[in-house]
Amino acid sequence: MASRCVASTFSPPVHSFAPRTSMATVGLLSCPLNTLKTQSIARSFSILSLSASRKPLTKSLLVRSVATPAEGVAVFDDMVSGTDRKYYMLGGKGGVGKTSCAASLAVKFANNGHPTLVVSTDPAHSLSDSFAQDLTGGTLVPVEGPDAPLFALEINPEKAREEFRSATKKNGGTGVKDFMDGMGLGMLAEQLGELKLGELLDTPPPGLDEAIAISKVIQFLESQEYSMFTRIVFDTAPTGHTLRLLSLPDFLDASIGKILKLRQKIASATSAIKSVFGQEEARPDAADKLERLRERMIKVRELFRDTDSTEFVIVTIPTVMAVSESSRLHASLKKENVPVKSLIVNQILPPSVSDCKFCAMKRKDQMRALDMIRGDPELSSLTLIQAPLVDVEIRGVPALRFLGDIIWK
Ligand SMILES: Nc1ncnc2c1ncn2[C@@H]1O[C@H](COP(=O)(O)OP(=O)(O)OP(=O)(O)O)[C@@H](O)[C@H]1O
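Remember, it's a predicted structure, so these values are computed and weren't measured experimentally. Along each chain, numbering runs from 1 in the same order as the chain's sequence is written. In keeping with the predicted nature of the model, local features appear solely for residues at pLDDT of at least 70, side-chain atom pairs appear and are counted solely at 80 or more, and the whole-chain, interface and lining totals rest on all residues. Computation of side-chain values covers all heavy atoms of the structure but excludes hydrogens and water.

So, on to the packing of helix 12 (residues 320-335) against helix 13 (residues 357-375). Taken N-terminus to C-terminus, the directions of helix 12 and helix 13 make an angle of 20 degrees; their axes are 9 Å apart at the nearest point. Between helix 12 and helix 13, the angle falls in the class roughly parallel. Taken as a pair, helix 12 and helix 13 cross one another with a handedness that is right-handed. On helix 13, the residues that touch V320, V323 and S324 of helix 12 are A369, M372 and I373. The angle between two axes is taken between their N-to-C directions and runs from 0 to 180 degrees, where each axis is a line fitted to C-alpha atoms and a helix contributes only its stretch in contact. Helix and strand labels come from DSSP, where a helix needs a run of H or I of at least four residues and a strand needs a run of E of at least two; each type is numbered from the N terminus. When describing relative orientation, an angle under 35 degrees is termed roughly parallel and one over 145 degrees roughly antiparallel, while 65 to 115 degrees is termed roughly perpendicular and anything else oblique. Crossings are assigned a handedness: left-handed for a near helix turned anticlockwise from the far helix by less than a right angle, right-handed for a clockwise turn. Contacts are residue-level and defined by heavy atoms, with any inter-residue pair within 4.5 Å sufficient.

Shown next, in the form of structure tokens:
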């Protein structure tokens, strides 16, 4: 008879996770004969350096490798040490577990005494779902449960962009033409077409929303009120957005920079014309807003590249597609000088003494993907963090604490 997978019989209701000690009751996917205890799996899934061995991973080797605790590779110790503010950005392909990993890291920071802010800049927010608390509203909302203050912020990128865009819509006009007219540059609007400012304002390039969202967070954090936060964790939008976001500041810098320079150059001429014809002074709003946006984008760019305060953590799953995408992501991040040290491989089947047919196939597939990571020139230098597939949905602070204790060591 074909063997069949079963989930652990214990499936706790959403809000009923008991504190840490009883979290071992959260199950891991298992086969009928497999009676592995969650705690031993939690111990055996650990962080191992990919550069340690070049041998292909066989099943027994994997079990042996993951059974070795994360001695010597103290990723979390490094992350948690110091009271200077640090930023962690978690990114990767859609659906791999970015939110779960980001939320679990935020909980772990808070439980280690860091006042922490976790921010979602993904237009499709799932922080509220992950924490099982209503964190919507675009402002800082306290998360109930952790030992030290933990706040969450779900930024509505469209709303943030709209605020910026409204400056160019005054007087009933639309987009760039109005903006240019407002500065006395209407006749140049067409010639400036290649600067793509029109596109920027009317149909913004992908990535602008997220960049504005992040710049909004920077704004928040610059104020005294939020100076308490020593750890900021970003749950970013899927890979494509991140890559576009990285190249965006340069694009904006060039476009806005050119526009503002041009404006300066002919400012004296236009003011002479205006004084002759008795026109009002040109509206400074739009130009100022653009200039401020440009400055903030530069700050976002600097933040992403600051090796002292920032780290980008790539999250993936053991499939060929996800690994390939992670490899491309790391190549791009490297090219842009964004610091990356670790790669989380999430949803790995836990060790098992006996597999059903389905699990055996799946495990083989995952082994191949892990092998691929080992041999990948982009990924093999990163510290690998393996996270098991658990058989209940990770929701709520206790569950996130449980996951965090497995992942972040
Ligand atoms: N290790 C795991 N074991 C079991 N389920 C998991 C694990 N990690 C994540 N999940 C589940 O997978 C789903 C997707 O996770 P999550 O929302 O964290 O992914 P994401 O990468 O942020 O997705 P998106 O790209 O849509 O924002 C959720 O239902 C989550 O509970």
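Next up on the list: the packing of aromatic side chains. Only Phe, Tyr and Trp rings are paired, with Trp represented by its six-membered ring, and only when their centres lie within 6.5 Å; those with planes under 30 degrees apart are stacked, over 60 edge-to-face, the remainder tilted. Summed over the entire model, instances satisfying the criterion amount to five aromatic pairs. Between Y87 and F234 the ring centres are 6.4 Å apart and the planes differ by 20 degrees, which places this aromatic pair in the stacked class. Here Y87 is found in strand 2 (residues 86-92), whereas its partner F234 is found in strand 6 (residues 231-235), with 147 residues between them in sequence. Ring plane angle 35 degrees and centroid distance 5.4 Å describe the contact between Y88 and F109, whose orientation is recorded as tilted. Taken as a pair, Y88 in strand 2 and F109 in helix 4 (residues 98-111) lie far apart in primary sequence, 21 residues in all. Each residue is assigned to one of three classes by its accessible area relative to the maximum for its type, calculated with a 1.4 Å probe on protein chains only: buried under 20%, partly exposed between the two thresholds, exposed over 50%. Y88 sits in the buried class, given a relative accessible area of 3%.

So, about the packing of helix 4 against helix 14 (residues 397-407). Orientation of helix 4 relative to helix 14, taken along the N-to-C sense of each, is 90 degrees, at an axis distance of 8 Å. Between helix 4 and helix 14, the interaxial angle falls into the category roughly perpendicular. Residues S100, C101, A103, S104, V107, K108 and N111 of helix 4 form the contact with helix 14, whose own contacting residues are V397, L400, R401, L403, G404, D405 and I407. Within the contact of helix 4 with helix 14, the residues separate by chemical class into seven nonpolar, four polar and three charged. Residue classes follow a fixed rule: Ala, Val, Leu, Ile, Met, Phe, Trp, Tyr, Cys and Pro count as nonpolar, while Asp, Glu, Lys and Arg count as charged, and any other residue, Gly among them, counts as polar.

A few words on the site of the ligand. Surveying the vicinity of the ligand reveals 16 residues, the closest of which are G95, K98, T99, S100 and N346. Nitrogen and oxygen atoms within 3.5 Å of one another constitute a polar contact, given that in protein one can donate a hydrogen and the other can accept it, and given that sequence-neighbouring residues count only through two side-chain atoms. G95 places a polar main-chain atom, nitrogen or oxygen, 2.8 Å from an oxygen atom of the ligand. Surface exposure here means Shrake-Rupley accessible area, sampled with a 1.4 Å probe, where a residue is shielded only by the protein chains that are shown. Surface burial for the ligand is 78%, taken as the share of its 630 Å² of free accessible area covered by protein chains. In this analysis a 1.4 Å probe is tested at points of a 1 Å grid over the protein atoms alone, and where it fits but cannot get out there is a cavity; an open set with protein on both sides within 12 Å along at least five of seven lines is a pocket; lining residues have an atom within 4 Å of a point. A pocket or cavity is taken to hold a molecule when more than half of that molecule's atoms are within 2 Å of the pocket's grid points. Given that more than half its atoms are within 2 Å of the pocket grid, the ligand belongs to the largest pocket. Those elements giving two or more residues to the shell around the ligand turn out to be helix 4 and strand 8 (340-348). By convention in these notes, a residue is near a molecule or strand provided one of its non-hydrogen atoms lies within 4 Å of it.

Take the layout of surface pockets next. Grid points are joined across faces, edges and corners, and a volume is the space filled by probe spheres set on the points. In this model, the largest pocket occupies a volume close to 470 Å³. Lining the largest pocket we find 22 residues, and of these G97, S100, Q347, E393 and I394 sit closest to its centre. Looking at the lining of the largest pocket, the elements that each hand over two or more residues are helix 4, helix 5 (127-131) and strand 8. Per-element tally for the lining of the largest pocket: the top contributor is helix 4, with three residues. Among the residues forming the lining of the largest pocket, the class breakdown is eight nonpolar, eight polar and six charged.

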